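Listed below are the residues making up each chain.
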Amino acid sequence: DMLSHFDAKLDTIHNSVHQMQDSLNSMKMTVGEMEGHVGSNQDELSRLETRIKQLEKQNSYLVEKVEDAENRSRASNIRLLCVPEVSEGRDMNGFVGQLFIQLFGQDKLPSPLVIERAHRSPGTPNPNPKTAPRPILVRFLHFQDKLNILRLSRDKKELLFKGNRVHIYPDFSAGLMEKRRLFTTVKKKLHDLDIEYAMQYPATLRVHVEGKKLFFRSPDVAEIFIRDFSQQSL
């Protein structure tokens, strides 16, 4: 009777073990399927990440091409800043031509400037003297006229119109202006060190020091140069 009782108990245990084994096998199969799905998803994620990087690279290339095309279309343009509103009257082209003669003198402009068009940047005129007037955008028919005006502006340094200091700059796209603006702090430090410098198109800083010309496309690299130069000068 005892053996029979033990056999019955063992049979029950064996059945439970078999059921547990079946459950474990089923779980293994499920885990294996899940691992397969995870591996497949990881492959898909890797493929998507690669594609995203390719698209980002293509997008950067297209943005650069569009920006370059925009700046080439502005190649003959300049910006006039701080010219009081309504000074131009109704003839902006004629006003700008006479303004250049007043700023630089007729002897500096022996040939008439051919201005294709000139206008204020979009916006509502604000007569408040405390508010900066809108820039005047000028497009020359001849690229050489633009270069000549910029050269005269650099040479004279201070340009006055009706007691206001006028500034003349090349006309660049917003993206390129931001790239060049990143060098502002560097240029101030170079000025304080009495080091000759200039910005070259599109956004390269040229430094002339100790008979050498150095070129920087990154303000961070230029900062390192200034730091090393300052330490050597001590």
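Everything below is about the structure shown above.
Residues numbered from 1 in each chain as written. Predicted model: local features only at pLDDT ≥ 70, side-chain atom pairs only at ≥ 80, totals over all residues. Heavy atoms only, no water.

### Brief notes about the layout of surface pockets
- Counted as a void, the largest pocket has a volume near 1700 Å³.
- Lining of the largest pocket is provided by 39 residues; of these, Tyr169, Pro170, Arg180, Lys187 and Met199 occupy positions nearest its centre.
- Those elements that place two or more of their residues in the lining of the largest pocket are α1 (2–73), β1 (77–81), α3 (143–156), β5 (164–170), α4 (174–181), α5 (184–192) and β6 (196–200).
- Of the residues that constitute the lining of the largest pocket, the class distribution is 18 nonpolar, 6 polar and 15 charged. (1 Å grid on protein atoms, 1.4 Å probe; cavity = no way out; pocket = protein on both sides within 12 Å on 5 of 7 lines; lining within 4 Å. Points joined across faces, edges and corners; volume = space filled by probe spheres on them. Helix = DSSP H or I, 4+ residues; strand = E, 2+ residues; numbered from the N terminus. Nonpolar A, V, L, I, M, F, W, Y, C, P; charged D, E, K, R; others polar.)

### Comments concerning the environment of Glu158
- Along the polypeptide, Glu158 turns up in the loop between α3 and β4 (159–161).
- Given the relative accessible area of 44%, Glu158 is considered partly exposed.
- Residues Glu158 and Leu103, spaced 55 residues apart in sequence, show a C-alpha to C-alpha distance of 9.3 Å. (Buried < 20%, exposed > 50% of the residue type's maximum accessible area, 1.4 Å probe, protein only.)

### Notes on the side chain of Ser87
- As for its position among the elements, Ser87 is in the loop between β1 and α2 (92–104).
- By relative accessible area, which is 18% here, Ser87 ends up buried.

### Side note on the packing of aromatic side chains
- Evaluated as defined, the whole model comprises 6 aromatic pairs.
- Three or more aromatic residues joined by ring pairs form one cluster here, namely Phe100, Phe104 and Phe140. (Phe/Tyr/Trp six-rings, centres within 6.5 Å; stacked < 30°, edge-to-face > 60°.)

### Some words on the nonpolar core
- The biggest cluster of nonpolar side chains holds 24 residues, and the ones touching the most others in it are Leu80, Val96, Phe100, Phe104, Val138, Ile149 and Ile168.
- At the level of elements, β1, α2, β2 (115–120), β3 (136–140), α3, β4 and β5 are the ones that each hand at least two residues to this core.
- When residues of this core are assigned to their parent elements, the largest contribution, 7 residues, is made by α2.
- With sequence-adjacent residues up to four places away left out, Phe104 is seen in contact with Leu109, Ile149, Leu152, Ser153, Lys156, Leu159 and Ile168.
- Core analysis: the next-biggest nonpolar cluster, separate from the first, contains 13 residues, Leu190, Leu205, Val207 and Phe225 among them. (Core = buried A, V, L, I, M, F, W, Y, C linked by side-chain atoms within 4.5 Å. Contact = heavy atoms within 4.5 Å.)

### Considerations on the sheet that holds β5
- Pairing in this open sheet of 5 strands is antiparallel, and the strands run β2-β3-β1-β5-β4 from one edge to the other. Of all strands in the sheet, those with a lone pairing partner are β2 and β4, marking the two edges. On average, each strand axis in the sheet is inclined to that of its neighbour by 30°, with strand direction left out of account.
- As judged from the 5 bridges shared by β2 and β3, these two strands associate in the antiparallel manner. Its bridge partner lying in β3, Arg120 is registered against Ile136.
- Running at roughly 95° to β2, α2 makes contact with β1, β2, β3, β4 and β5 of the sheet. (Pairing = 2+ DSSP bridges. Axes fitted to C-alpha atoms, helices over the stretch in contact; angles between N-to-C directions.)

### Digging into the side chain of Arg180
- Here Arg180 is to be found in helix α4.
- Lacking a salt bridge, the buried Arg180 has Glu67 as its closest oppositely charged neighbour, with an N-O distance of 10 Å.
- Dropping the residues within four chain positions of it, Arg180 is found in contact with Phe172, Met199, Gln200, Tyr201, Pro202 and Ala203. (Lys, Arg positive; Asp, Glu negative; His and termini not counted. Salt bridge = Lys/Arg side-chain N within 4 Å of Asp/Glu carboxyl O.)

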